[in-house]
Amino acid sequence: MSRLSRGEHEILGIASDLADPSGRNSPESAFRMWRVAHLPGILHPYSEAPESGRAAFRAYDLELEKLLVSA
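Residues numbered from 1 in each chain as written. Predicted model: local features only at pLDDT ≥ 70, side-chain atom pairs only at ≥ 80, totals over all residues. Heavy atoms only, no water.

## A closer look at the pattern of salt bridges
To keep things clear, this is the line we draw: Between Lys or Arg on one side and Asp or Glu on the other, a salt bridge is scored when a side-chain nitrogen of the former is within 4 Å of a carboxyl oxygen of the latter. A simple rule labels every residue: compare its accessible area, found with a 1.4 Å probe on the protein chains alone, to the largest value its type can have, and call it buried under 20%, exposed over 50%, or partly exposed in between.
Taken as a whole and assessed by the stated rule, the structure comprises six salt bridges. Between Glu51 and Arg58 there is a salt bridge, with its nearest N and O atoms 3.1 Å apart. Relative accessible area serves as the criterion here: at 38%, Arg58 is assigned to the partly exposed category. Several salt bridges share partner residues, and in doing so they unite Arg32, Arg35, Asp61 and Glu65 into one network.

## Structural notes on the nonpolar core
The test is simple: Here the nonpolar core consists of buried residues drawn from Ala, Val, Leu, Ile, Met, Phe, Trp, Tyr and Cys, with membership extended through side-chain atoms lying within 4.5 Å. The way it works is that DSSP assigns letters per residue, a run of H or I at least four long becomes a helix, a run of E at least two long becomes a strand, and they are numbered from the N terminus.
One finds Leu12, Phe31, Trp34, Leu39, Leu64 and Leu68 forming the largest nonpolar core, which totals six residues. Going through the elements one at a time, α2 (27-37) and α4 (51-70) are the ones with two or more residues in this core.

## Some points on the confidence of the model for the protein chain
Spelled out, the test is: As a per-residue measure, pLDDT reflects the predictor's confidence and takes values from 0 up to 100.
For the protein chain, the mean per-residue pLDDT works out to 82, and 92% of the residues sit at or above 70. Within the protein chain, no element has a lower average pLDDT than helix α1 (residues 6-19), which sits at 77, and none a higher one than helix α3 (residues 39-43), at 93.

## Topic: α2
Each turn of an α-helix holds 3.6 residues, which means side chains three or four residues apart point in the same direction. As a reminder of what qualifies: This arc describes the spread of directions from the helix axis toward the C-beta atoms.
Buried residues of α2: Ala30, Phe31 and Trp34, and no others. Mapping the buried residues of α2 onto a view down its axis gives an arc of 100°, with all of them on the same face.

## Some thoughts on the packing of aromatic side chains
Defined as follows: Two rings from Phe, Tyr or Trp (for Trp, the six-membered ring) form a pair when their centres sit within 6.5 Å of each other. Planes less than 30 degrees apart are called stacked, planes more than 60 degrees apart edge-to-face, and all others tilted.
Taken as a whole and judged by the stated rule, the model has three aromatic pairs. Seen from their ring centres, Trp34 and Tyr60 are 5.4 Å apart, and the 85° between their planes marks the pair as edge-to-face. With Trp34 in helix α2 and Tyr60 in helix α4, this pair connects stretches of sequence that are 26 residues apart.

## Concerning the side chain of Arg54
What counts, and what does not: Each polar contact in these results corresponds to two N or O atoms within 3.5 Å; when the atoms are within protein, one needs to be able to donate a hydrogen and the other to accept it, and residues that are neighboring in sequence are counted only if both atoms are side-chain atoms.
Residue position: Arg54 is located in helix α4. For Arg54, a relative accessible area of 10% puts it in the buried group. Within polar-contact distance, the side chain of Arg54 engages the backbone oxygen of Ser47 at 2.8 Å.

Encoded structure:
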C-alpha cells in the first residue's frame, strides 16, 4: 500500500479530473502537466514572483514528487 492517505488519494484524483474530465488522466500526468506548464515561469530568474514564493513552489514541487513516487 502506498504512503498516501485516503484524503491525499482523493485530492490527487480530483486534480486529475480537473485536468482531464475524460478520465484518461492520472495524478502523475496532471502533476507533470502543471510542472511543465507553470513551474518554469515561476522559477525563471526574471519572474516577478518573490524569492519566498519561488522557494514555496520548489518545496511544493518536491513534496508532490515524493508523494507520487511513493504511490
